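Residue-level structural notes
Chain residues, written in single-letter form:
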Amino acid sequence: MKRFAAVSLAVLMLLTVFASAASAADVIEIRGPVYNGSDINDIIDTYGAGNTLTIDATKFAAFYYDIDDNVTTETLSIVKKPDTKDNVIGEGGIVYSTTIQNVAYEYENAAAGWSNYSLIGFFAEKYIPINPDKADKLAKLVLDSDDKYTIRTGELLDLGEGYAIEAKQVDVDGEKVWLEFTKDGEFVDDEIISVGTGDNTWEVELDDVQDEDDVVVLRVHVNQVFQGAVDSIAQIEGLWLIDYANAMTIESDDEFGELNDVSINGKTLTITNEDTFTLTRDDADEIAEGMFFKTADTSSNVLRFYVMKEITEPGTYELRGQVASGAGDFTWDATKFAGFYYDINDDVSTESLKVSGIKGNVIPEGGLVYSTTIKNVDYEYSNAKANWGQYPVIGFFAEEYIPLNADKADKLAKLILDSDDKYTIRTGELLDLGEGYAIEAKQVDVDGEKVWLEFTKDGEFIDDEIISVGTGDNTWEVELDDIQDEDDVVVLRVHVNQVFQGAVDSIAQIEGLWLIDYANAMTIESDDEFGNLDDVSINGPTLTISNEDTFTLTRDSEEEIGQGMYFKIADTSANDLRYYPYVEKTIGDEGPEVDETPSETEPADDNVTEVVTEPVEGETEPVEGETEPVEGETTEEEPADTPGFGVVLGLVGLLAVVYLVRRNN
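Residues numbered from 1 in each chain as written. Predicted model: local features only at pLDDT ≥ 70, side-chain atom pairs only at ≥ 80, totals over all residues. Heavy atoms only, no water.

Time to look at the overall build of the protein chain. Looking only at helices and strands, the protein chain features 3 helices and 53 strands. Relative to its 665 residues, the protein chain shows a buried fraction of 46%. Across the protein chain, contacts joining residues at least 24 apart in sequence account for 55% of those joining residues at least 6 apart. Only carbon and sulfur atoms are counted for the fraction: they give 42% of the accessible area of the protein chain, which is about 31000 Å². (Helix = DSSP H or I, 4+ residues; strand = E, 2+ residues; numbered from the N terminus. Buried < 20%, exposed > 50% of the residue type's maximum accessible area, 1.4 Å probe, protein only. Contact = heavy atoms within 4.5 Å. Areas by Shrake-Rupley, 256 points an atom, 1.4 Å probe, with all protein chains shown as cover.)

If you want it as structure tokens, here you go:
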């Protein structure tokens with residue numbers, strides 16, 4: 001019995017140690033246009049046509065859009081119904097519709113059968129209809145690529161979602177390659193592809209995919225085969241793959257979130273709401289499949305909202321602006337460009353991008369103007385009595401920055417954290433704030449009314465303070481001097497909610513965190529250049545940058561505007577022009593990756609696309625009572641390659657259990 005109790009205790013201790021190992025995923029929010037009015041009917045009247053307000057892919061960056069062919073498939077409409085009023089959309093008032101369209105492969109080679117394929121957007125994801133004439137059976141598009149990949153025999157090319165291609169052998173003449181297609185390591189199909197005959201596209205067809213036969217699930221174009229003295233390799237250029245193993249059939253009685261009235265009419269799928277839908281203020285209400293209406297925290301006589309798609313899957317995503325056509329002038333602000341900074345509660349935006357005077361596809365000198373102005377917004381932690389009212393903010397090329405001087409836009413530091421989440425930390429523990437910044441709870445006084453906090457950057461001491469919650473003066477504000485030649489700069493604000501001195505633990509509960517990356521602050525000078533924007537003007541709180549040289553919107557290209565912001569221009573005729581601005585955000589890794597066992601695959605040439613993982617701004621949700629990571633990073637009190645404090649305690653406990661078992665035997 002003693003042995004059983006000891007082992008049980010050991011198991012419980014292990015569960016305790018590893019329970020806090022999970023971390024929250026990064027999230028990207030892709031938003032649509034902002035709608036502002038007194039109520040829902042007023043918004044439909046103002047922004048819609050007749051009794052309908054329609055959002056398509058030219059306005060909502062999450063919806064599928066092919067700029068070259070100007071192809072969209074999805075729309076989301078809000079329709080006036082008898083019970084549509086105030087902030088309530090009536091029954092049947094939300095109409096989601098999507099229609100199968102033909103689009104071009106990324107790998108363009110009509111002679112080799114790479115011309116067009118059928119595609120349908122489905123709740124802002126790309127799907128392939130298994131039957132191109134009916135929108136009821138869909139499989140997610142995994143890959144559509146014209147990148148080059150060179151793989152040696154015996155190597156796997158990971159296509160994603162468990163699918164892979166292996167180059168089994170190359171013939172002695174270097175004209176044929178034997179490829180094998182697998183799913184989760186299981187054989188699916190294989191083929192010998194000859195590049196000598198020109199018939200070098202392998203098309204895998206499978207039967208019984210959602211009761212459909214002869215379904216093309218994979219297309220591979222082999223560009224070259226090489227048999228060398230050392231290596232046997234195949235170069236692939238052209239890959240297309242669907243997730244046939246997880247294909248679905250949509251039935252008329254299916255429900256998708258709040259949309260539950262399904263209609264399938266050939267190539268068109270339409271889904272509406274059978275019940276009323278309330279736009280809850282200060283909340284995000286899911287429509288379906290990760291698509292939401294986000295509504296501002298306003299009074300009852302004001303309604304402001306936008307549609308947005310919440311992305312958590314690894315990949316790189318475009319946050320694009322509305323599509324501009326022709327040579328007319330066009331201006332993007334935060335309501336038209338999802339990349340620009342926007343605070344929905346305060347209805348605050350700071351950035352704009354204007355194009356004017358285009359001739360053909362050339363923007364003249366001074367015709368491309370980026371402008372941003374300092375504005376005040378509320379802290380996420382709303383507590384005016386504790387001096388958490390507002391702070392100045394400025395968007396800078398689609399990133400959120402803080403001006404070091406609230407009245408001048410020339411000295412900026414990136415905002416790392418603005419949070420009203422609760423974090424409970426024990427004495428001796430570090431709360432990782434991101435970018436190398438951290439707070440440590442050093443000690444709690446014996447009365448449980450004060451906590452000694454220390455602020456560090458990359459492990460180096462910056463400042464410390466004893467905060468008392470008994471007096472009510474429980475906000476710690478760290479001010480530093482000589483930040484880009486500015487003194488008394490507030491770089492950190494911490495609100496300590498509670499302090500507790502127990503028999504076992506001494507803890508502090510923090511609710512309210514605000515931090516800027518002062519160590520990497522910058523000063524903008526009049527002679528600075530930002531990509532193709534090089535004429536800088538600073539007028540108090542407003543920063544304006546324009547182009548001193550002409551800017552060509554080269555068709556079928558991406559042209560950098562500045563600081564990671566681009567124009568994407570369609571491949572159109574000389575008498576047509578279509579383009580939009582965009583920025584990219586990345587979560588995790590994406591795209592095919594080569595298994596480096598048994599050997600590493602080299603890229604085919606310099607044209608191979610490399611995916612670079614960048615940090616994405618976004619905050620994790622902490623669990624009350626635990627120290628949680630901020631901005632997707634791990635909270636730890638020791639380097640990542642050493643056991644954490646909880647693990648050490650667990651190991652000590654296990655050793656104690658083993659000792660007790662041995663002693664009792």
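Once the structure has been displayed, the description carries forward.
What follows covers helix α2 (residues 40–47). For α2, the full list of buried residues reads I40, I43 and I44. End-on, the buried residues of α2 take up no more than an arc of 100 degrees, which puts them together on one face. Residues of α2 that are buried sit in contact with β2 (35–37), β3 (52–56), β6 (74–79), β7 (88–89) and β26 (303–311). The backbone nitrogen of N41 has a side-chain oxygen 3.2 Å away, supplied by the residue at the start of α2, namely D39. (Arc of directions from axis to C-beta. Polar contact = N/O pair within 3.5 Å; in protein donor to acceptor, adjacent residues only side chain to side chain.)

Turning our eyes to something else, we now look at the sheet that holds strand β41 (residues 450–457). A sheet is described by the order of its strands in space; here 4 strands give the open sequence β39-β40-β41-β42, paired in antiparallel fashion. Each edge of the open sheet carries a strand with a single partner, namely β39 (430–434) and β42 (460–468). With strand direction ignored, the average angle separating the axes of adjacent strands in the sheet is 20 degrees. The pairing of β39 with strand β40 (residues 437–444) spans 4 bridges and is antiparallel. Considered in β40, the bridge of D432 is made with A438. (Pairing = 2+ DSSP bridges. Axes fitted to C-alpha atoms, helices over the stretch in contact; angles between N-to-C directions.)

All right, on to the sheet that holds strand β22 (residues 268–272) then. Reading across from one edge, β3-β6-β8-β22-β21 is the order of the 5 strands in this open sheet, with antiparallel pairing throughout. A single partner strand is all that each edge strand has here, and the edge strands are β3 and β21 (261–265). Direction aside, the axes of adjacent strands within the sheet are offset by 15 degrees on average. When strand β8 (residues 94–99) meets β22, the two strands line up antiparallel, connected through 5 bridges.

In this structure, β21 lies alongside β22, joined through 5 bridges in antiparallel fashion. Bridged to V262 within β22 is I271. Hairpin connection from β21 to β22: 2 residues lie between these consecutive antiparallel strands, with G266 at a positive phi of about 65 degrees.

Attention shifts here to unusual backbone geometry. Across the chain, the bulk of peptide bonds are trans and the bulk of non-glycine residues have phi less than zero. Here the phi dihedral of Q210 falls at roughly 50 degrees; this positive angle occurs in a residue that is not glycine. Checked against the element boundaries, Q210 lands in the loop between β17 (201–206) and β18 (215–227).

Relative to the elements of secondary structure, N474 occurs in the loop between β42 and β43 (475–480). The buried category is assigned to N474, whose relative accessible area is 10%. When neighbours within four sequence positions are excluded, N474 is seen to be in contact with I467, S468, V469, V494, H495, V496 and N497.

As enumerated under the stated definition, the model contains 20 salt bridges in all. A salt bridge links E155 to R152; its shortest N-O distance comes to 3.9 Å. With a relative accessible area of 18%, R152 lands in the buried category. The salt bridge involving E318 is made with K568; its shortest N-O contact spans 3.5 Å. Separated by 250 residues along the polypeptide, E318 in strand β27 (residues 315–320) and K568 in strand β51 (residues 565–569) bring together distant segments of the chain. In this structure K568 comes out as partly exposed when scored by relative accessible area, which is 22%. (Salt bridge = Lys/Arg side-chain N within 4 Å of Asp/Glu carboxyl O.)

With respect to the helices and strands, G257 occurs in the loop between β20 (248–249) and β21. Each residue touching G257, except ones within four places of it in the same chain, is listed here: I287 and A288.

This paragraph deals with the nonpolar core. In terms of nonpolar packing, the biggest core is built from 93 residues, with F122, F293, W332, F396, F567 and Y579 touching the most fellow members. Tallying contributions element by element places β26 first for this core, with 6 residues. Apart from the residues lying within four places of it in its own chain, the contact partners of F122 are E74, Y96, Y127, L138, M248, I250, F256, L269 and I271. Core analysis: the second largest hydrophobic core is formed by 45 residues, L404, I416, W476 and L515 among them. (Core = buried A, V, L, I, M, F, W, Y, C linked by side-chain atoms within 4.5 Å.)

Looking now at the packing of aromatic side chains. The relation between two aromatic rings is expressed through the spacing of the ring centres and the mutual angle of the planes. By the definition in use, this model includes 41 aromatic pairs. Taken together, a centroid distance of 4.8 Å and an interplanar angle of 70 degrees make the contact between F60 and F63 edge-to-face. Geometrically, the ring pair formed by F277 and F293 is edge-to-face, given 5.7 Å between the ring centres and 75 degrees between the ring planes. Placement of F277 in strand β23 (residues 277–278) and of F293 in strand β25 (residues 291–295) is noted, with a sequence separation of 16 residues between them. A single burial state applies to F277 and to F293, both of which are buried. What links up through ring pairs into an aromatic cluster is the set F60, F63, Y96, F122, F123, Y127 and F256. Cation over ring: R320 sits above Y580, and NZ or CZ is 5.6 Å from the ring centre. (Phe/Tyr/Trp six-rings, centres within 6.5 Å; stacked < 30°, edge-to-face > 60°. Lys NZ or Arg CZ within 6 Å of the ring centre and 35° of its normal.)

Turning our attention to the side chain of K585. When you line up the elements, K585 lands in strand β52 (residues 578–587). In contact with K585, other than residues within four places in its own chain, are I28, G315, T316, Y317, L319, A398 and E399.

Residues E91, E251, D253, E255, E258, D261, E274, D275, E286, E289 and E310 make up a contiguous surface patch of negative charge. Mapped onto the elements of the fold, E310 is located in strand β26. (Patch = residues over 30% accessible without salt bridge, like charges linked within 9 Å, V, L, I, M, F, W, Y side chains within 5 Å. Lys, Arg positive; Asp, Glu negative; His and termini not counted. Charge placed at Lys NZ, Arg CZ, Asp CG, Glu CD.)

On to empty space enclosed by the protein, then. Here the structure, examined in full by the defined rule, presents 1 cavity of 30 Å³ or more. Estimated volume of the largest cavity: approximately 40 Å³. In terms of lining, the largest cavity is formed by 13 residues, of which the most central are R31, K59, K336, F337 and A338. Residues that form the lining of the largest cavity fall into these classes: 5 nonpolar, 4 polar and 4 charged. (1 Å grid on protein atoms, 1.4 Å probe; cavity = no way out; pocket = protein on both sides within 12 Å on 5 of 7 lines; lining within 4 Å. Points joined across faces, edges and corners; volume = space filled by probe spheres on them. Nonpolar A, V, L, I, M, F, W, Y, C, P; charged D, E, K, R; others polar.)

A word on the environment of E351. Here E351 shows up in strand β32 (residues 351–355). Sequence spacing of E351 and A398 is 47 residues, and the spatial spacing of their C-alpha atoms is 8.0 Å. Leave out the neighbours within four places in its chain, and E351 touches W332, D333, A334, F340, Y341, Y370, S371, T372, G395, F396, F397 and A398. In terms of polar contacts, E351 uses its side chain to reach the backbone amide nitrogen of Y341, at 3.0 Å. In terms of polar contacts, E351 uses its side chain to reach the side chain of Y370, at 2.6 Å.

Now for the pairing of β3. The side chains of a regular strand alternate between both faces of the sheet. Judged by which residues are buried, β3 turns out to be one-sided: L53 and I55 face inward and are buried, whereas T52, T54 and D56, on the alternate face, are not. By the bridge criterion, 5 bridges tie β3 to β6 in an arrangement that is antiparallel. Each residue of the ladder has a partner; that of L53, found in β6, is I78.

Quick look at the confidence of the model for the protein chain now. In the predicted model, the protein chain carries a mean pLDDT of 86, and 85% of its residues have values of at least 70. Across residues 1–25 the pLDDT falls below 50, and counting only partners more than four positions away or on other chains, this stretch makes 18 contacts in the model. (pLDDT = per-residue confidence, 0-100.)

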